[in-house]
Amino acid sequence: MANFARAENALKRADELINVGQKQDALQALHDLITSKRYRAWQKTLEKIMFKYVELCVDMRKGRFAKDGLIQYRIVCQQVNVSSLEEVIKHFMHLSTEKAEQARTQAQALEEALDVDDLEADKRPEDLMLSYVSGEKGKDRSDRELVTPWFKFLWETYRTVLEILRNNSKLEALYAMTAHRAFQFCKQYKRTTEFRRLCEIIRNHLANLNKYRDQRDRPDLSAPESLQLYLDTRFEQLKIATELELWQEAFRSVEDIHGLMCMVKKTPKSSLMVVYYAKLTEIFWISASHLYHAYAWFKLFTLQKNFNKNLSQKDLQLIASSVVLAALSVSPYDQTRAASHLELENEKECKIRMANLIGFNLDPKAENREVLSRSSLLSELVSKGVLSCATQEVKDLYNLLENEFLPLDIASKIQPLLTKISKVGGKLSSASSVPEVQLSQYVPALEKLATLRLLQQVSQVYQIMKIESLSQIIPFFDFATVEKISVDAAKHKFIAMKIDHMKGIVMFGKTDLESDGLRAHLTSFAESLNQARAMIYPPLEKASKLAEILPGLGEVVDKEHKRLLARKSIIEKRKEEQERQLLEMEREEESKRLKLQKITEEAEQKRLAAEFEQRRAERIRQEIEERELEEAQALLEETEKRLRKGGKKKPVLEGEKLTKQVLMERALTEQLKERQEMEKKLQKLGKTMDYLERAKREEAAPLIEAAFQQRLVEEKLLHEREQQMEVELSRQRHDGDLKEKNRLARMFDNKIIFQERVNSRRQSELSRRREEREQRINQIIQARKQDRELKRKKIFYVRSEEERLRKLREEEEARKREEAERRRKEEAERRAKLDEIAEKQRQRERELEEKERLRRESLLGRSTDGLSRPSEVPAVSRSSEPAAAAPAPGKYVPRFKREKVEGSAPAPPSEPDRWGSGSRAPPSQSDRWGSGSRAPPQDGASRPLPSDSDRFGGSRATQEPDRWGGGSNSSSKPEPWRPSRARNPPRG
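It should be emphasised that the depicted structure is a prediction, and the values quoted were computed from it without experimental measurement.

Calculation rules
Residues numbered from 1 in each chain as written. Predicted model: local features only at pLDDT ≥ 70, side-chain atom pairs only at ≥ 80, totals over all residues. Heavy atoms only, no water. Axes fitted to C-alpha atoms, helices over the stretch in contact; angles between N-to-C directions. Helix = DSSP H or I, 4+ residues; strand = E, 2+ residues; numbered from the N terminus. Parallel < 35°, antiparallel > 145°, perpendicular 65-115°, else oblique. Left-handed = near helix turned anticlockwise from the far one by under 90°. Contact = heavy atoms within 4.5 Å. Nonpolar A, V, L, I, M, F, W, Y, C, P; charged D, E, K, R; others polar. Buried < 20%, exposed > 50% of the residue type's maximum accessible area, 1.4 Å probe, protein only. Polar contact = N/O pair within 3.5 Å; in protein donor to acceptor, adjacent residues only side chain to side chain. Salt bridge = Lys/Arg side-chain N within 4 Å of Asp/Glu carboxyl O. Core = buried A, V, L, I, M, F, W, Y, C linked by side-chain atoms within 4.5 Å. Phe/Tyr/Trp six-rings, centres within 6.5 Å; stacked < 30°, edge-to-face > 60°. Lys NZ or Arg CZ within 6 Å of the ring centre and 35° of its normal. Patch = residues over 30% accessible without salt bridge, like charges linked within 9 Å, V, L, I, M, F, W, Y side chains within 5 Å. Areas by Shrake-Rupley, 256 points an atom, 1.4 Å probe, with all protein chains shown as cover. Pairing = 2+ DSSP bridges.

Asks: Explain the packing of helix α15 (residues 313-328) against helix α19 (residues 392-402) to me, using residue names and the numbers behind them.
Replies: Two elements in contact, α15 and α19, have axes separated by 10 Å at closest approach and are oriented at 20°. As judged from the angle between their axes, α15 and α19 are roughly parallel. The handedness of the crossing between α15 and α19 comes out as left-handed. Contacts from S321, V324, L325 and L328 of α15 reach α19 at V394, L397, Y398, L401 and E402. Of the residues belonging to the contact of α15 with α19, the class tally is seven nonpolar, one polar and one charged.

Structure follows, in structure tokens:
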């Protein structure tokens, strides 16, 4: 490394080396000078050295040397002279571009010379092998060797300059210019790979700019000039991407522009937004996103109509036609109708993202699946008047596709309209930012839409149709294409049709029983017949007699319908209850498992925590003991050192354990003794210093007084001399000022005139500005009045709409309340009818029980006449009436009990409440059967079969014998049956 005393010497040395052909040595010498820490102060010579340095780097294609030198030069002149760095960088790019153009001129074959996919990649092995085997030394290879290296160096030059200028707020214009030149380089020579890398480099620069906000020379994006430069760069990137047909990179450029607008929260100029939406239309059309393409056209139409004052009526009509045709080209069915939940979520996020790019703000929490849709866009086009601005052919096409129902003639009427539309188009004269509009690009999509509409309308009229007939009414495609279109539409449930190639027919409509067509087939057929009958035979004026013929038909139908609805609701409730129970059981099992797992985990955590605390306490105890031992040893060593310095004898600690406490007590005792001795020494030294200071002051007092008197005399003489000099100087200045006043007195009038002229001019300027300010204030007041009026109208409209919606809600709530009241009344009537039926049933049961009671009384009366013991007769007579009141004749009585009754064996005593007797005396054998609910017949007749009345009366009488005649008074009547709520209500 050569050391130069002056920078000029290095420049001279480099020129000498260049003259003798040693450019590498010259470059190395200049590189050493530039990177040296000795020359860090900027001077004009350094700029000349940098010019020579970049010339050598370009001649030798040394990109890395150029980058290092420019970085060092940026450090030198960043805070002193940034314009010098700008000039050097411009010179560097000019030389690189000039060399590349010279190589291109020499090559004469640009297409072959630039046939390289990646400028940063080295030669491939297969290319080397091919060159050695073929031995080709022709023009193609020489062109590749001449042109490709220079274009590779030019690409490295652009990258180097962008890397150097990325964080420099003072050279933002140069950064933007370099990016534009790099874009033009990629466009001119079709360098797609380099364009992608260039976009990624610029994108990373902006990301790092936002990430590291504490840099000193960081550009401020909130400044209007910086923001405009960054936006111009991104829009140029978007234009070049679309011209190179790099649609993915173009879409990323659109996202970059949108992110930049969101970052600074400012909307660019309308001219830039026109370019933005124009490029969006191209991107969405290429990506087959016809819905977003149509929305982008709609935004472009709105911008042109509102901000382009030079827009002609013809151009406006052409743009409106493009908007309508783009909206019609959107598929009429949703592509994600049968998608999974994850796909729906991704589609939702994609819609929100695209809506933000286009300029429609959506709520991500709401279910906005149908916000950006074909139907909403078409309705908005009609409401905003876009359809009225389109051509007549487009209007007719819209009516045929969206409003008319012509199953057989729709294709024949649409075909001539499409032929006329395909010829419309051209360059817009009054909208330079909008690309050339050709309506013919929408014809294939419109033909597909017309085919779908025809199939949809035919499916509503016909059920079966021949393939030949269907092919004849669809002139756009052959049947194979129609089949593909119909399969896609049937997949997304737009139409329902099947094709039978064996029979050569097409079947429309669904064949399952749950389809809408079969479900309402009879209803629609009846309505059609009714309409036909009304057209053939007009209705007479007098009322129909259907109500007289079938007076209760409507009520019966309503009741049956309600019964079916009630049954369906009961089944649904049972299913829901069963599912709820299953879910509850699963939830309980899961909660038990989680609770057990939680308990186990808590126990394990407690055990681990206890072990950890135990280990921690043991470790702390050991550390404390070790620390105390170390401190004791340190105290012992310190005590020994202090005793050695004092010349004292080392204390003997025999028979004692050396602990920290013992050593601290010894050390404190020694320190106390030393402190006392030191205090005595200091007192003695203080007395000595006091004696010496007093003696020095007594000797110095007369000397100080003499020096003070001599200083007073000297300062008095100096003051008098300086005062005389100041008086003389003041007199001279006064004389000079008088002369100057006399000399300038002749210009006083001119000064007054000039002052009046300036005051008058400024007064007129003030008046003019005051008038302009008043005019501006009046304009602002008028504008604000208009804004307030518009705001009041909007508020009135919103409140009116809210009032209307509130009334609709109140009407809906009132209707629901009336419906609930009607259902409640019907339910009450149904329950009353059920109660009446139950009451009649109970009445019949009581009559049957009464008949059975009378029959039993007659049977029991005959059996008691044949008894041998007269004492048993009263018992039988007493128990006859309670037995007659028993309302359960169908109960089974075993044979052995009937034999006991016939043998008149005495019954064992039992509790009176158990048998239902009113007296405390134990009942006899006759009481056992009299107070019971079902007594066996005495004549050996077979047991009667149970009747329907046993469901309500028999068990009740058995459970309550006291109510049915268990008392001792034979003449008392049984208690009347009290109606109660049945345990098993009758089923409806």
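That shown, we press on.
Asks: Residue-level account of the side chain of R453, with values.
Replies: Within the element layout of this structure, R453 appears in helix α21 (residues 443-461). A relative accessible area of 11% places R453 in the buried class. A distance of 3.5 Å separates polar atoms of two side chains, one belonging to R453 and the other to E402. For R453, the residues in contact, after removing those within four places along its chain, are P332, R374, L401, E402, I410 and F494.

Asks: Describe the pattern of salt bridges, and please don't skip the residues or the numbers.
Replies: Counted under the stated rule, the structure contains 52 salt bridges. Among the salt bridges present, the one from E200 reaches R203, with a minimum N-O distance of 3.0 Å. Taken together, the residues span about one helical turn, with E200 and R203 both in helix α10 (residues 192-211) at a distance of three residues.

Asks: An account of the nonpolar core is requested, with residue identities and associated values reported.
Replies: With 157 residues, the main nonpolar core has F195, Y276, L325, L328, L397, I414 and L470 as its most contacted residues. If near-sequence neighbours (up to four positions away) are discounted, Y276 is found in contact with F235, L238, V254, I257, H258 and L357.

Asks: With reference to specific residues and values, describe the packing of aromatic side chains.
Replies: Counted according to the given criterion, the structure contains 12 aromatic pairs. Taking 6.2 Å as the distance between ring centres and 90° as the angle between the ring planes, the aromatic pair formed by W150 and F153 counts as edge-to-face. Linking W150 with F153, this pair stays in helix α8 (residues 139-165), spanning three residues, or about one helical turn. Looking at W150, the relative accessible area reads 13%, which means it is buried. For F153, a relative accessible area of 3% corresponds to the buried category. Grouping aromatic residues by their ring pairs yields a cluster made of F151, Y158, F185 and Y189. In this structure, R61 is placed above the aromatic ring of W150, and the distance from its NZ or CZ to the ring centre is 4.9 Å.

Asks: Can you lay out a nonpolar patch on the surface for me, pointing to particular residues and giving the numbers?
Replies: A cluster of nonpolar side chains, M678, L682, L685, M689 and L692, forms an exposed patch at the surface whose accessible area comes to about 520 Å². Here L682 lies in helix α28 (residues 660-744).

Asks: How would you summarise the sheet that holds strand β4 (residues 497-500) if you had to cite specific residues and measurements?
Replies: Strand order in this open sheet of three strands is β3-β5-β4, and the pairing throughout is antiparallel. What marks the edges here is a single partner per strand, and that holds for β3 (464-466) and β4. The sheet shows a mean angle of 20° between the axes of neighbouring strands, direction not considered. Summarising the sheet, β3 and strand β5 (residues 505-508) pair through three bridges and their orientation is antiparallel. Bridge assignment links K466 to a residue of β5, and that residue is I505.

Asks: Provide a residue-level description of the packing of helix α14 (residues 290-307) against α15, including the pertinent values.
Replies: At a closest axis distance of 8 Å, the pairing of α14 and α15 adopts a crossing angle of 160°. With respect to α15, the element α14 is oriented roughly antiparallel. In terms of crossing hand, the pair formed by α14 and α15 is left-handed. Across from H290, H293, A294, W297, F298, F301, Q304 and K305 in α14, the residues of α15 making contact are L316, I319, A320, S322, V323, A326 and A327.

Asks: Provide a residue-level description of the environment of E404, including the pertinent values.
Replies: Looking at the element boundaries, E404 is found in the loop between α19 and α20 (410-422). Along the backbone, E404 and Q457 are 53 residues apart, and their C-alpha atoms lie at a distance of 10.0 Å. Leave out the neighbours within four places in its chain, and E404 touches N399 and Q457.

Asks: Requested: an account of the environment of F51, with residues and values cited.
Replies: Relative to the helices and strands, F51 resides in helix α3 (residues 44-60). For F51, a relative accessible area of 24% puts it in the partly exposed group. Between the C-alpha atoms of F51 and F92, which are 41 residues apart in sequence, the distance is 7.9 Å. In contact with F51, other than residues within four places in its own chain, are E87, V88 and H91.

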